[in-house]
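Tertiary structure, described
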Amino acid sequence: MDELNPVVLYVEDDPMSREVMKLLLTRRMKFDHVHILEDSTDFMTHLLALPEKPDIIFLDIHMEPMDGFGMLELIRAHPDYAKSPVIALTASVMNEEVTLLRTKGFDGALAKPVDQRNFPEILKRLLSGEQIWRIT
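Now for a description of the structure that goes with this document.

Reading the values: rules and limits
Residues numbered from 1 in each chain as written. Predicted model: local features only at pLDDT ≥ 70, side-chain atom pairs only at ≥ 80, totals over all residues. Heavy atoms only, no water. Helix = DSSP H or I, 4+ residues; strand = E, 2+ residues; numbered from the N terminus. Rg over C-alpha atoms; globule rule 2.2 N^0.38 Å. Pairing = 2+ DSSP bridges. Axes fitted to C-alpha atoms, helices over the stretch in contact; angles between N-to-C directions. Right-handed = clockwise from strand over helix to strand, strands pointing away. Core = buried A, V, L, I, M, F, W, Y, C linked by side-chain atoms within 4.5 Å. Buried < 20%, exposed > 50% of the residue type's maximum accessible area, 1.4 Å probe, protein only. Contact = heavy atoms within 4.5 Å. Parallel < 35°, antiparallel > 145°, perpendicular 65-115°, else oblique. Nonpolar A, V, L, I, M, F, W, Y, C, P; charged D, E, K, R; others polar. Expected span 1.5 Å × (residues − 1). Arc of directions from axis to C-beta.

**A word on the overall build of the protein chain**
What the protein chain contains, in helices and strands, is five helices and six strands. Element order for the protein chain, N to C, with α for helix and β for strand: β-α-β-α-β-α-β-α-β-α-β. Rg of the C-alpha trace for the protein chain: 14 Å, near the compact-globule value of 14 Å for 136 residues, within the 12% margin. Taken along its principal axes, the extent of the C-alpha atoms in the protein chain is 35 × 35 × 30 Å.

**Here's the deal with the sheet that holds strand β4 (residues 86-90)**
On the basis of which strands lie adjacent, the open sheet formed by six strands has the order β2-β1-β3-β4-β5-β6 and parallel pairing. Of all the strands in the sheet, just β2 (33-37) and β6 (132-134) have a single pairing partner and so form its edges. Ignoring which end each strand starts from, the neighbouring axes of this sheet average 20° apart. With four bridges joining them, β4 and strand β5 (residues 108-111) adopt parallel strand pairing.

**Regarding the pairing of β2**
Here strand β1 (residues 7-11) pairs with β2 via five bridges, running parallel. For leucine 9, the partnering residue across the bridge sits in β2 and is histidine 35. Assessed by its sense of winding, the connection that carries the chain from β1 through helix α1 (residues 15-28) to β2 is right-handed.

**Structural notes on the nonpolar core**
Counting 24 residues, the largest nonpolar core has Phe43, Leu47, Leu59 and Phe106 as the members making the most contacts within it. Looking at which element gives the most residues to this core, the answer is helix α3 (residues 68-77), with four residues. With residues up to four places along the chain from it excluded, the contact list for phenylalanine 43 reads Leu9, Val11, Leu37, Leu59, Met71, Leu74 and Ile75. Grouped together as the second largest cluster of nonpolar side chains are 20 residues, Leu25, Met29, Phe58 and Val114 included.

**Here we look at the packing of α1 against helix α5 (residues 119-127)**
In contact at an axis separation of 12 Å, α1 and α5 are set at 80° when each is read in the N-to-C sense. By the criterion of interaxial angle, the relationship of α1 to α5 is roughly perpendicular. Judged by residue contacts, Met21, Leu24, Leu25 and Arg28 of α1 engage Phe119, Pro120 and Leu123 from α5. For the contact of α1 with α5, a count of residues per class yields six nonpolar, no polar and one charged.

**Quick word on α1**
Taking 1.5 Å of rise per residue, 14 residues should cover 20 Å, and α1 covers 19 Å from first to last C-alpha, within 8% of that figure. For α1, the full list of buried residues reads Ser17, Arg18, Met21, Leu24 and Leu25. Around the axis of α1, the buried residues are gathered within 135° of arc, so they sit on the same side. Away from its buried face, by an angle of more than 90 degrees, α1 presents the exposed residues Pro15, Met16 and Arg27. In this structure, the buried residues of α1 make contact with β1, β2, β4 and α5.

Here's what the structure looks like:
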């Protein structure tokens, strides 16, 4: 992994959230390897077809046809991705959901909308292996 230019995958069905993340990663942080999927249709096919393995994966939790929990199960079941850092992005910030996210195997969670001011530092910490549960 190139710490200065990691490979990022973001799966998000909301066009505005996709655009904000794309601008944040490509323009502000100057990352060259950003892959964004508009929905979870054929998720594993798309993941495995990427030109490079993501260093970190961000999943929107509330999606169709497969939610973030379903995509996480597929990721964890694949030997090449089982240990990949997977971060949940969610607009629901209830404590019960955070507990469920931890229990199901996410490596962290961030509230939507993403805090653009702090996101570069948070991403750096996530890429170093730290678990961050920032839902407020």
